[in-house]
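Commentary on secondary and tertiary structure
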Amino acid sequence: MNQFGVCLLDLPDELLLIILKKLSNTDVLYSLLNINDERLDILAKEKIFSNILDFVSFDPMSSIDRFKLKYFCIDILPKIHENVKYFILKPDLMECVLFASDYPNLTKLKLCNFKQEFVLPYLTNGSPLRHIFQEQITHLILVNHDTDKLTEPSNNYTVDVYERILKFFKNLKHLNIIGSVKMSNPYLSLVYLPPNTFHSSILTYLSIDVCSLDDCLYLLDGRLKQLITLNDNLPHMTCFSLKCDFRINLYDTNLLPLFRRMSNLEKLTLYLRIKDQDRFVDGTLLQNEILVHMPHLHSFTFYICTYINTDGLQDQLSSEDIQRTFTNIGQHHVVSIINHSSCEQITCSVFSIPFTFDHLQDIGHMIPNIRFNYVTYLVARDVIPFNREFFIQLARAFPLLMTLRIFNRESQSCQFTDSQSYEIAKYPHLTYLDILCGNIDYIEQFLNETKTYVPCLTKLRVVYNNLRIVTNNFTRKQTRRNCAKIKQLLIFIPLVHTTEFYSFFPLLL
């Protein structure tokens, strides 16, 4: 910056702050604090650089990071300790960072890579972190990495971990437990446990995966007093979010009576897949069964997919017919799609836009002209073939797609040879592709580099014989590149593979 006679310190404080905000808070503090420049020292001590500190990138195995961490604990944290409100840590750094000083204003903690055996020893009366956990922390976020506990009974994990956390953090008002990857953390299960399990009189916000819809309803039975009460209404609840990946029967559950009790609800988020209906869930049904009971509602975000057997369908409705029912109730930012998910079943998906969920199930051959900027997991299912144009549109509509599962036995109706010029479908983030229930043409579509670009594909689920045919016994040049990074090949048939096979899949050796 000296090329034109201007250096960093010549800039006014306002511009310096704009530049420094581009860096992480720990980088600002490590780089500018204690460098014998009073002006930079004052800027670095601004609360915006010390109220949230993220140490997740620090690796205790790295000598450089160990030196930085020691410097933080000895020279930096004691100087800015009164500003700190929120720490983001891994369990192996908790003692080092939390013991470095007193943090009178610390109320929020995020623990990444949470594992039961590393964290639970700190949740005892003799724990050196007891005061901070019990007296100060009101907001707790856990990124659960207990993937090895998924095979254990959910009730045991609920009591040993979730129940213990809620009891130990006595001032906890906000609890958010998420998986390190989607659907990778043990579920909360309350169905067969005593009614006083997982209870709190002060918790106001809870985000957690549950085993079943019944477990969700148990959470709303009065054990969380500030979320609901024991009366017929739920007067404290102003925000409710329910995301259910498995199919439910809307009328066999207690959902509709529950919604009718939420008279003061202001924000509602629903992700539902509904089976055993004789009609589609449309704007009219939502208005009459749910929305009419929520006079204060001002935010309604939803994805609702209805599955109906064709022999039980009374009227043949179009997407436009469904769309009109939402227009009639003043819901204009809604998309509706109808497709045949099988020969015996019709699927109707209705959702608000922009689409804010990361999961989308059973989209058909008709892709709406919008971008699904948050979707990472997608199931494509239809009885109408997915042509090459479909996969190009799919790539554009789902730019962050990481998992794609294809259920379609129909052959692509229009084929193109390798020599023909055609746009390549680009899936830059796709890591898992499941075509076990897909036509062989879709294996050709994704493994042929002249048709599809999948630089991050590491997991493939496929019929082995179809894979062998498409790759010409693992010798075809056009399919070699898209197979080169695959680390998991799910074919369900133990085979002795050839040299050509391992040249195609070198990471499987």
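To keep things clear, this report deals only with the structure shown in the data block. Note that residues are indexed from 1 along each chain, following the sequence as it is written. With pLDDT at 70 or above as the cut-off, local features in this predicted model cover only qualifying residues; side-chain atom pairs require 80 or more to be listed or tallied, and sums for whole chains, interfaces and linings still use all residues. Think of the side-chain values as coming from all heavy atoms in the structure, minus any hydrogens and water.

**Examining the overall build of the chain**
- A tally of regular secondary structure across the chain gives 16 helices and 19 strands.
- Expressed along its principal axes, the backbone C-alpha trace of the chain runs to roughly 70 × 65 × 55 Å.
- Between buried and exposed lies partly exposed: a residue is buried under 20% and exposed over 50% of the maximum accessible area for its type, with that area taken using a 1.4 Å probe on protein chains only. Scored against the burial criterion, the 509 residues of the chain give a buried share of 49%.
- In this tally Asp and Glu are treated as negative and Lys and Arg as positive; neither His nor the chain ends contributes. For this purpose, a charge sits on NZ of Lys, CZ of Arg, CG of Asp or CD of Glu. Side chains of the chain give 49 positive and 52 negative charges; the mean places of these two sets differ by 3 Å. Counting from the N terminus, the helices are DSSP H or I runs at least four residues long and the strands are E runs at least two residues long.

**Details of the packing of helix α2 (residues 25-32) against helix α4 (residues 63-80)**
- Fitted lines through C-alpha atoms give the axes, limited to the stretch in contact for helices. The angle between two N-to-C directions lies from 0 to 180 degrees. Interaxial distance between α2 and α4 falls to 11 Å at its minimum, and their mutual angle equals 85°. Classified by the angle between their axes, α2 and α4 sit roughly perpendicular to one another. Across the interface between the two elements, Thr 26, Asp 27, Leu 29 and Tyr 30 from α2 touch Phe 67, Lys 68, Tyr 71, Phe 72, Ile 76 and Ile 80 from α4.
- Grouping the amino acids of the contact of α2 with α4 by side-chain chemistry returns 7 nonpolar, 1 polar and 2 charged. The scheme is simple: roughly parallel for angles under 35 degrees, roughly antiparallel for over 145, roughly perpendicular for 65 to 115, oblique for anything else. It only takes one pair of heavy atoms within 4.5 Å for two residues to be counted as in contact. Each residue receives one of three labels: charged for Asp, Glu, Lys and Arg, nonpolar for Ala, Val, Leu, Ile, Met, Phe, Trp, Tyr, Cys and Pro, and polar for the others, Gly being one of them.

**Focus: the nonpolar core**
- If you look at the biggest cluster of nonpolar residues, it comprises 63 residues, and the most contacted ones within it are Phe 55, Leu 77, Phe 87 and Phe 133.
- Those residues in contact with Leu 77 that lie beyond four places of it in its chain are Leu 53, Phe 55, Phe 72, Phe 87, Val 97, Ala 100, Ser 101 and Tyr 103.
- Note on terminology: a nonpolar core comprises buried Ala, Val, Leu, Ile, Met, Phe, Trp, Tyr and Cys residues joined through side-chain atoms within 4.5 Å. Core analysis: the second largest hydrophobic core is formed by 51 residues, Leu 360, Tyr 427, Val 470 and Cys 483 among them.

**Notes on the pairing of strand β4 (residues 139-144)**
- The buried fraction of β4 is high, at 5 of 6 residues.
- Note: strand β3 (residues 108-114) against β4, 5 bridges, orientation parallel. Residue pairing in the sheet places Lys 110 in a bridge with Ile 141 of β4.
- A pair of strands is labelled paired if DSSP reports no fewer than 2 bridges between them. The pairing of β4 with strand β5 (residues 174-179) spans 6 bridges and is parallel. For Leu 142, the partnering residue across the bridge sits in β5 and is Ile 177.

**Looking at the sheet that holds β3**
- Read from one edge of the open sheet, 6 strands run β1-β2-β3-β4-β5-β6, paired in parallel fashion. Unpaired on one side and paired on the other, β1 (52-54) and β6 (205-207) mark the two borders of the sheet. Averaged over all pairs of adjacent strands, the angle between their axes in this sheet comes to 10°, without regard to strand direction.
- On the sheet, helix α8 (residues 154-168) packs against β3, β4 and β5 and is oriented at approximately 155° with respect to β4.

**Notes on the pairing of strand β9 (residues 299-309)**
- With 10 of its 11 residues buried, β9 lies for the most part within the structure.
- As paired strands, strand β8 (residues 267-274) and β9 are joined by 8 bridges and run parallel to one another. Counterpart to Leu 272 in the pairing with β9 is Ile 304.
- Handedness of a crossover: with both strands directed away from the viewer, a clockwise path from the first strand across the helix to the second marks it as right-handed. What joins β8 to β9 is helix α11 (residues 283-289), and the crossover it makes is right-handed.
- Sheet analysis places β9 next to strand β11 (residues 345-352), joined by 7 bridges and oriented antiparallel.

**Description of the sheet that holds β8**
- Strand order across the open sheet formed by 5 strands is β7-β8-β9-β11-β10, with mixed pairing between neighbours. The strands lining the two open edges of the sheet, one partner per strand, are β7 (239-248) and β10 (334-342). Across the sheet, the axes of successive neighbouring strands diverge by a mean angle of 10°, strand direction being ignored.
- Bridging between β10 and β11 involves 8 bridges; their strand directions are antiparallel. Note on β11: the bridge partner recorded for Ile 337 is Ser 349.
- Across the sheet, helix α12 (residues 319-327) is in contact with β9, β10 and β11; its angle to β10 comes to roughly 145°.

**With respect to the pattern of salt bridges**
- By convention in these notes, a salt bridge is any Lys or Arg side-chain nitrogen within 4 Å of a carboxyl oxygen on Asp or Glu. Scanning the model with the defined rule gives 14 salt bridges in all.
- Two residues, Glu 289 and Arg 260, come together in a salt bridge whose shortest N-O distance is 2.8 Å. With Glu 289 in helix α11 and Arg 260 in helix α10 (residues 255-260), this residue pair connects regions lying 29 residues apart in the sequence.
- Taking the relative accessible area as the measure of exposure, Arg 260 reaches 37% and is therefore partly exposed.
- For Asp 282, the salt bridge goes to Arg 279, with nearest N and O atoms at 2.9 Å.
- Asp 282 gets classed as buried once you look at its relative accessible area, which sits at 8%.

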